[in-house]
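Structural overview
Here is how the chains run, residue by residue.
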Amino acid sequence: MTQYKRYTITAALPYVNGHKHIGHLAGAYLPSDVYARYLRLMNRDVVFVCGSDELGTPITIQALKENLSNQELVDKYHQISKEVFEKLDISFDIYYRTSDPLHIETAQEFFLKFYQEGKFQEVETMQYYDESMDMFLADRYIQGICPNCQSDKAYGDQCESCGKSLDPTDLINPKSTVSGNTPILKSTKNWYLPLDNYEEFLQKWLIEGKKSNWKSNTYGQAKSWIDSGLQPRSMTRDGKWGVPVPLEGYPDKILYVWFDAPIGYISATKKWASDKGVDWKPYWQSEDTKLVHFIGKDNIVFHTIIFPVMLHAHGDFILPTDVPANEFLNLEGKKMSTSRAWSLEMTEYLNDFPEQTDELRYMLLSVLPEQKDSDFSWQDFQLKVNSELVAIVGNLVNRVTVLLFKYYSGEVKFHKSCSELQGFLKTQKEKISQAIEDYKFREALTELIQIARHGNKLLTENEPWKLIKTDPEKTQIVLYDCLELILNFGILAQPFLPKSAQKIFSMFHLVAPISWDEVGNENLIKSNLIIAPTALLFNKIEDNIIEAQILKLNAKTQSIMANENSKNQIQEDLTINSKPEVSYEDFDKLNLVIGTVKAIEKVEKTDKLLKLSVAISGEIRTIVSGIALHFTAEDLLEKQVLVLENLAPRKIRGIESQGMLLFAEDQGKLIRIAPTDSVSNGSSVS
RNA sequence: GGCGAGGUAGCUCAGUUGGUUAGAGCGUCGGAUUCAUAACCCGGAGGUCAGGGGUUCAAAUCCCCUCCUCGCUACCA
């Protein structure tokens, strides 16, 4: 269907700072595996690469948490990931790791070439530096008080409590998480890739070139980034756990993980090629190669903009042909979250259902978030397994083998299959091929099941259990047709259900892989063949299994949340204790008064801001407060509130705010503070 | 608020060069059947395609407005 001579298929490198869940599987690994398996069965030249992304700051943070060295941590999770993918039959040609020396070398070559050709901009910026540890602090190594929600759990890049993304210099009272000391600002040099210089290239290659053949979600998001104007982006960081910057005099500089990680695809290909004794270059540098990146939507910008710009700037490389990005998979209607334990990790599934990997593959493929976020529910899982895999596929195989053994002791009598059946198989094969090439895996799966449905229909229509009494010869033909459907189902099922496909082949004394071209080949079923009796292809999943999983999920998330709450409690206690002692003079500077809210309006074009008019003594103060999510106008109108009267005025959204309203906060909810009996406006609080 | 993606049957979702009667699976109801893991097969019911307006001989599909969901992003003394 295409003119490509070879295919380079990549699946997003899992960042090995923890266990990966089924959302990751559905997002990148399963679709890419189906695609790669299909192409191999088409006898195409394919390399399918993936590997652990093992560098960067979050690794070091997780290592501290688990009390392991960086290397021990990545070794641990690399091993787990590798095994999990093997068990789920994800058929990577190589599962690599970015801590490999070959990768370091490859990434450094990239960097050096850019450096020597003047493709970087050297920029000096001020960064936090921990003098006691003699190191610059990456964002995650700085903790302080969030300027937004006052939580003291805010990191340099984001507040864990309110989720606001931050710049390290936004933090109040920043501390180094390494030493606990207050860091100083110090000048540092980094190398920036001026993405804005490549807008013309992106305009032509992506905006114009990919408009009609990329999925709307991928294209839309990439276009949105380009349209909003690209900025130079630093391709280096201060740190030690990463690819060292290959320049003299910068021992503490490493490459930004998003610079080196996608290069990992290339390093992985190099390693695979050298192990195999072939040349890696055509897979990345030849125009007749199709390069496809399978990713989740969180990686779109890196795979559609930054990495292509890198490849383009380098000059020797081809660009990705397709970037089929999937949306997210929810679990029981809610977004998966590792920190809230609302997730199904691949290791958990394998532990509970070690023999049912095809069932998971089937379920996930049938709900792949191809167009929009989709949902995995245990009930749905049970339904899909029981009413499709068991009732349609497994049942067909069972029906046919039972009849065959009953009437013919399992021996196949050869008959030429009818042309109608041949036509049907050919049609399904074409439909499935086309769907896979269009990355419509759900559709492909539906067409696959049609083959088994057809078999059940043949049986019901011809009733061989009756026919055997009147027309033994016709009975043989019907059963032969059914066997042919089963075998061909197996061939076409190989990309989706590899274990089940092999089970089917075993009945016919055949071994996978069987090429796509063999669909409809009558010589595969030998005359007078004795079918090997098989166990049931799929087993029903009973209600209690599903109930147990749902209970387990709820228990898991509740215990984590309880844990979190107690941690929060400790954190809050710490907040109280961690504030420095103040003198009476300091306290006396604050003028706290009671006022009454006289008018409220929402600040235009904001979600959280309310503009309030508050009466204190003789005057009306205008105060802007970020509380619109907690209170409506009715809640506060004519109510008394606690006001910090002498706070320096500040303009917010063009309105001068003359004071500050004080509220009690409990678990993120704001509660109004007011005297128990009404007092006159302006009454002081001391 | 800005940007992106969605809103189609009870549920999960397909469906764009605009074109008969809007589809599938599951569920539901009815029928048929017993070879089979109470499974399979046939049939029915079920939709103002989020709402409104426009373009057109013709709109789920193109344009405009509004509402809702998700993601990114902005304001938060």
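These notes cover the structure that comes with them. (Residues numbered from 1 in each chain as written. Chains lettered and ligands numbered in written order. Predicted model: local features only at pLDDT ≥ 70, side-chain atom pairs only at ≥ 80, totals over all residues. Heavy atoms only, no water.)

Side note on the overall build of chain A
To be explicit about the condition: For helices the rule is a DSSP run of H or I covering at least 4 residues; for strands it is a run of E covering at least 2, with both sets numbered from the N terminus onward. When accessible area is computed with a 1.4 Å probe and restricted to protein chains, residues below 20% of their type maximum are described as buried, those above 50% as exposed, and intermediate ones as partly exposed. It only takes one pair of heavy atoms within 4.5 Å for two residues to be counted as in contact. Note on areas: Shrake-Rupley, 1.4 Å probe, and residue coverage restricted to the protein chains presented here.
Counting its regular elements, chain A contains 20 helices and 25 strands. The proportion of buried residues among the 686 residues of chain A is 51%. Long-range contacts, defined as pairs at least 24 residues apart, comprise 72% of the intrachain contacts of chain A with a sequence gap of at least 6. For chain A, the exposed surface amounts to about 32200 Å²; the carbon and sulfur share of it is 49%.

Remarks on the pattern of salt bridges
Note the following rule: When a carboxyl oxygen of Asp or Glu lies within 4 Å of a side-chain nitrogen of Lys or Arg, that pair is called a salt bridge.
Throughout the structure, instances matching the rule amount to 29 salt bridges. For E109, the salt bridge identified is with K270, shortest N-O distance 3.9 Å. Here E109, found in helix α4 (residues 101-116), pairs with K270, found in helix α7 (residues 257-276); they are 161 residues apart in sequence, far enough to count as distant. By relative accessible area, K270 is classed as buried at 14%. Salt-bridge contacts for K598 lead to E638; the nearest nitrogen and oxygen are separated by 3.2 Å. With K598 in strand β17 (residues 592-602) and E638 in the loop between α20 (633-636) and β20 (640-644), this pair connects stretches of sequence that are 40 residues apart. On the basis of relative accessible area, E638 is assigned to the partly exposed category, the value being 48%. Each of K5, R6 and D288 takes part in one network of salt bridges that share partners.

A word on the nonpolar core
The criterion, for reference: Buried Ala, Val, Leu, Ile, Met, Phe, Trp, Tyr and Cys residues that are joined via side-chain atoms within 4.5 Å together make up what is termed a nonpolar core.
By size, the foremost hydrophobic cluster in this structure holds 174 residues, and its most contacted members are Y29, Y35, F259, F376, F496 and F508. By residue number, the principal contributor to this core is helix α12 (residues 378-408), which donates 13 residues. Setting aside residues up to four positions removed in sequence, Y35 forms contacts with Y7, I9, K290, V292, F294, I436, E437, Y439 and F441.

Regarding the environment of I300
As for its position among the elements, I300 is in helix α9 (residues 300-314). Exposure remark for I300: the relative accessible area of 1% places this residue in the buried category. Distance in space between the C-alpha atoms of I300 and L644 is 46 Å, their sequence separation being 344 residues. Sequence-distant contacts of I300, defined by excluding residues within four places in its chain, comprise N217, T218, Q221, A222, I295, I305 and A325.

Focus on the packing of α12 against helix α16 (residues 472-493)
Angle between the axes and distance between the axes are the two parameters that describe a pair of packed helices. Keep this limit in mind: All axes are obtained by fitting lines to C-alpha atoms, using only the stretch in contact for helices, and the reported angles, taken between N-to-C directions, cover 0 to 180 degrees. The crossing is said to be left-handed when, going from far helix to near helix, the turn is anticlockwise and less than a right angle, and right-handed when the turn is clockwise. Throughout this entry, Asp, Glu, Lys and Arg are counted as charged residues, while Ala, Val, Leu, Ile, Met, Phe, Trp, Tyr, Cys and Pro are counted as nonpolar. The remaining residues, Gly among them, count as polar.
Packing of α12 against α16 brings their axes to within 10 Å, and their N-to-C directions diverge by 145 degrees. Where α12 crosses over α16, the two elements pack in a sense that is left-handed. Along the contact surface, α12 presents V393, L396, V397, V400, L403, L404, Y407 and Y408, while α16 presents P472, T475, Q476, L479, C482, L483, I486 and F489. Taken together, the residues of the contact of α12 with α16 sort by class into 14 nonpolar, two polar and no charged.

Comments concerning empty space enclosed by the protein
Keep this limit in mind: Within this scheme a cavity is a closed region of a 1 Å grid, computed over the protein atoms alone, that accommodates a 1.4 Å probe without allowing it to escape, whereas a pocket is open but has protein on both sides within 12 Å along at least five of seven lines; lining residues each have an atom within 4 Å of a point. Grid points are joined across faces, edges and corners, and a volume is the space filled by probe spheres set on the points.
Applying the stated criterion across every chain, the model contains five cavities of 30 Å³ or more. A volume near 80 Å³ is recorded for the largest cavity. Sorting the residues of the lining of the largest cavity by element identifies α3 (70-87) and α10 (346-352) as the ones contributing at least two each. The element best represented in the lining of the largest cavity is α3, accounting for five residues. Among the residues making up the lining of the largest cavity, the classes are represented as five nonpolar, four polar and one charged. Size it by volume and the second largest cavity reaches roughly 60 Å³. Taken together, S343, L344, E348, W378, Q549, K552, L553 and K556 make up the full set of residues lining the second largest cavity. It is helix α18 (residues 543-578) that provides the largest number of residues to the lining of the second largest cavity, a total of four residues.

Comments concerning the packing of aromatic side chains
Stated formally: Think of it this way: a Phe, Tyr or Trp ring, Trp meaning its six-membered ring, pairs with another when their centres are within 6.5 Å, and the plane angle makes it stacked under 30 degrees, edge-to-face over 60, tilted otherwise. Only lysine NZ and arginine CZ atoms are considered, and such an atom sits over a ring when it is within 6 Å of the ring centre and within 35 degrees of the ring normal.
This model, assessed by the stated rule, comprises 40 aromatic pairs. Relative to W516, the ring of Y38 has its centre 5.2 Å away and its plane inclined at 85 degrees; by these criteria the two rings are edge-to-face. With Y38 in helix α1 (residues 22-41) and W516 in the loop between α17 (498-507) and α18, this pair connects stretches of sequence that are 478 residues apart. Given the relative accessible area of 0%, W516 is considered buried. Over the ring of Y129 we find K186, and its NZ or CZ is 3.9 Å from the ring centre. Note that K334 overlies the ring of W342, its terminal NZ or CZ placed 4.0 Å from the centroid.

Comments concerning the side chain of T8
By secondary structure assignment, the location of T8 is in strand β1 (residues 6-11). Of the residues examined, T8 reaches a relative accessible area of 0% and is grouped as buried. Discounting residues that sit within four places of it in the chain, T8 has contacts with V47, Y283, W284, T289, K290, L291 and V292.

Focus: unusual backbone geometry
Of note, the bond from A512 into P513 is cis; its omega dihedral lies within 30 degrees of zero at -5 degrees. Topologically, P513 is positioned in the loop between α17 and α18. Located in the positive-phi region is N43, a residue other than glycine, with phi close to 60 degrees. Its place among the elements puts N43 in the loop between α1 and β2 (45-52). Residue N43 is classed as exposed on the basis of its relative accessible area of 53%. Of note, Y439 is a non-glycine position whose phi angle comes to about 60 degrees, a positive value. By the secondary structure assignment, Y439 is in the loop between α13 (419-437) and α14 (441-462).

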